[in-house]
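Tertiary structure, described
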Amino acid sequence: MKERLLIRQKLRDTAALEPTHDLRKLAKDLNLPRILGARLDRLQSCRLHSSARGSISLADLHQAWRYGAKLDVADEKEAQEALRALIKWCERD
């Protein structure tokens, strides 16, 4: 998504962009279609697996995957589908 912002804003590197992992903010900056924005809005967080309590915010989900956190299967699937839709949108542009 940051790559798309660089291209649209004719920037050379990310130094000119606000440092963020907030997909909702990046989606807003890119003027993503409503359907993709709505998917991100529904995906506020991803619950941890039933053996653990709590949830992971969307902004921290990449770290949860990196460090192997056990997530709720349905929430994780929804997160993966939303991210695949974002990737597909970015690749078509």
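The structure presented is a predicted model; accordingly, all values stated were derived computationally and were not measured.

What follows deals with the confidence of the model for the chain. Put simply, the chain has an average pLDDT of 83, and 98% of its residues get 70 or more. When mean pLDDT is compared element by element in the chain, helix 1 (residues 2-8) scores highest at 88, while helix 3 (residues 34-42) scores lowest at 73.

With 25 residues, the main nonpolar core has Met1, Leu23, Leu32, Leu61, Leu71 and Leu86 as its most contacted residues. Elements supplying a minimum of two residues to this core: helix 1, helix 2 (23-30), helix 3, helix 4 (61-66) and helix 5 (73-92). In terms of residues, this core owes the most to one element, helix 5, which gives 6 residues. If sequence neighbours within four positions are ignored, leucine 86 has contacts with Met1, Leu23, Leu32, Leu36 and Leu40.

Moving on, we get to the pattern of salt bridges. The final tally for this structure, using the stated rule, is 5 salt bridges. Of the charged contacts, one joins glutamate 18 and lysine 25 as a salt bridge, the two residues approaching to 3.5 Å between their closest N and O atoms. Among the residues examined, lysine 25 registers a relative accessible area of 25% and is labelled partly exposed. Arginine 47 is paired through a salt bridge with aspartate 75; the nearest N and O atoms lie 2.8 Å apart. Here arginine 47, found in strand 1 (residues 45-47), pairs with aspartate 75, found in helix 5; they are 28 residues apart in sequence, far enough to count as distant. Several salt bridges share partner residues, and in doing so they unite Glu18, Lys25 and Asp29 into one network.

Parameters and conventions
Residue positions are given per chain, counted from 1 along the sequence in the order it is written. Totals for whole chains, interfaces and linings use all residues, but because this is a predicted model, local features are given only for residues with pLDDT of at least 70 and pairs of side-chain atoms are given and counted only at 80 or more. As a rule here, side-chain values come from all non-hydrogen atoms in the structure, and water together with hydrogens is ignored. The quantity called pLDDT is the predictor's confidence in a given residue, expressed from 0 to 100. Secondary structure elements are taken from DSSP: a helix is a run of H or I of four residues or more, a strand is a run of E of two residues or more, and numbering for both begins at the N terminus. Nonpolar core, defined: a set of buried Ala, Val, Leu, Ile, Met, Phe, Trp, Tyr and Cys residues in which side-chain atoms within 4.5 Å join the residues together. Throughout this description, buried means an accessible area under 20% of the type-specific maximum (1.4 Å probe, protein chains only), exposed means over 50%, and partly exposed covers the range between. Contacts between residues were defined by any pair of non-hydrogen atoms, one from each residue, lying within 4.5 Å. For this document, the term salt bridge refers to a Lys or Arg side-chain nitrogen within 4 Å of an Asp or Glu carboxyl oxygen.

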